[in-house]
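Fold and contact review
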Amino acid sequence: MNHPVTIVRSLVLMVLLLLVSMSMVQAQSGPEDKEVEGSIYIPMQPAFVVNYGGEGRLKYLKTELSVRVNDVHTAAAVRHHMPLLRNAMVMLFSRQTEDGITTQQGVTQLRETAKAEMIALLESEQAEGTDVLEVYFNNLIVQK
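Residues numbered from 1 in each chain as written. Predicted model: local features only at pLDDT ≥ 70, side-chain atom pairs only at ≥ 80, totals over all residues. Heavy atoms only, no water.

Details of the packing of helix 3 (residues 82-94) against helix 5 (residues 104-125)
- Between helix 3 and helix 5, the shortest axis-to-axis distance is 10 Å and the interhelical angle comes to 145°. Handedness of the crossing formed by helix 3 with helix 5: right-handed. Between helix 3 and helix 5, the residues in contact are Leu84, Leu85, Ala88, Met89, Leu92 and Phe93 and Leu110, Thr113, Ala114, Glu117, Met118, Leu121, Leu122 and Glu125, respectively.
- Taken together, the residues of the contact of helix 3 with helix 5 sort by class into 11 nonpolar, 1 polar and 2 charged. (Axes fitted to C-alpha atoms, helices over the stretch in contact; angles between N-to-C directions. Helix = DSSP H or I, 4+ residues; strand = E, 2+ residues; numbered from the N terminus. Left-handed = near helix turned anticlockwise from the far one by under 90°. Contact = heavy atoms within 4.5 Å. Nonpolar A, V, L, I, M, F, W, Y, C, P; charged D, E, K, R; others polar.)

If you want it as structure tokens, here you go:
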């Protein structure tokens, strides 16, 4: 007859082996194997802090962005090309004028321009089409 401690140890060992094998199967399936319902939001971190406005007194803009995409392939492309996209956003934000970022219309235009630049960059780097749906400001702070 088996000792109760031996039976418990055997059961624990079997459960551990089952958990390890399940995690190995999950690790082998890549992001392209996963079905994603709805949108994927990718934060662009850390926050952007840039000078803007050209000549005269220094003016600062601080913002955090999130990119909304529709599929895992575009999400992977955004993550892969994040340094390129961040550089483009820094350059875009530093070109802004005071009117361009202190009015609602200007901020809306800035979001659309950021989205268009991201799409253009991703399409120039990827052979496949990209599905960037939106670029959102999580916050936007302007110091004049």
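Let's pick the thread back up.
Considerations on the packing of helix 2 (residues 72-80) against helix 3
- Relative orientation of the contacting elements helix 2 and helix 3 amounts to 70°, with a least axis distance of 5 Å. Of the possible angle classes, the one that applies to helix 2 and helix 3 is roughly perpendicular. Contacts from Val78, Arg79 and His80 in helix 2 reach Met82, Pro83 and Leu85 in helix 3.
- Partitioning the contact of helix 2 with helix 3 into residue classes produces 4 nonpolar, 1 polar and 1 charged. (Parallel < 35°, antiparallel > 145°, perpendicular 65-115°, else oblique.)

What about unusual backbone geometry?
- Cis peptide bonds are those with omega within 30 degrees of zero, and the linkage from Gln45 to Pro46 qualifies with 5°.
- Among the secondary structure elements, Pro46 is positioned in strand 1 (residues 40-52).

Observations regarding the confidence of the model for the protein chain
- For the protein chain, mean pLDDT is 83; residues scoring 70 or higher make up 72% of the total.
- A low-confidence stretch, residues 25-35 stays under pLDDT 50, and its non-local contacts, those more than four residues away or across chains, total 4 contacts. (pLDDT = per-residue confidence, 0-100.)

Describing the sheet that holds strand 1
- The 3 strands are arranged 1-2-3 in an open sheet whose pairing can be described as antiparallel. Two strands lie at the open edges of the sheet, namely strand 1 and strand 3 (132-143), each paired on one side alone. Each neighbouring strand pair of the sheet contributes to a mean axis angle of 20°, computed without reference to strand direction.
- Bridge analysis of strand 2 (residues 59-69) against strand 3 gives 10 bridges, and the strand direction is antiparallel. Bridge pairing links Thr63 to Leu140 in strand 3.
- Sitting on the sheet, helix 5 touches strand 1, strand 2 and strand 3, and the angle it makes with strand 3 is about 130°. (Pairing = 2+ DSSP bridges.)

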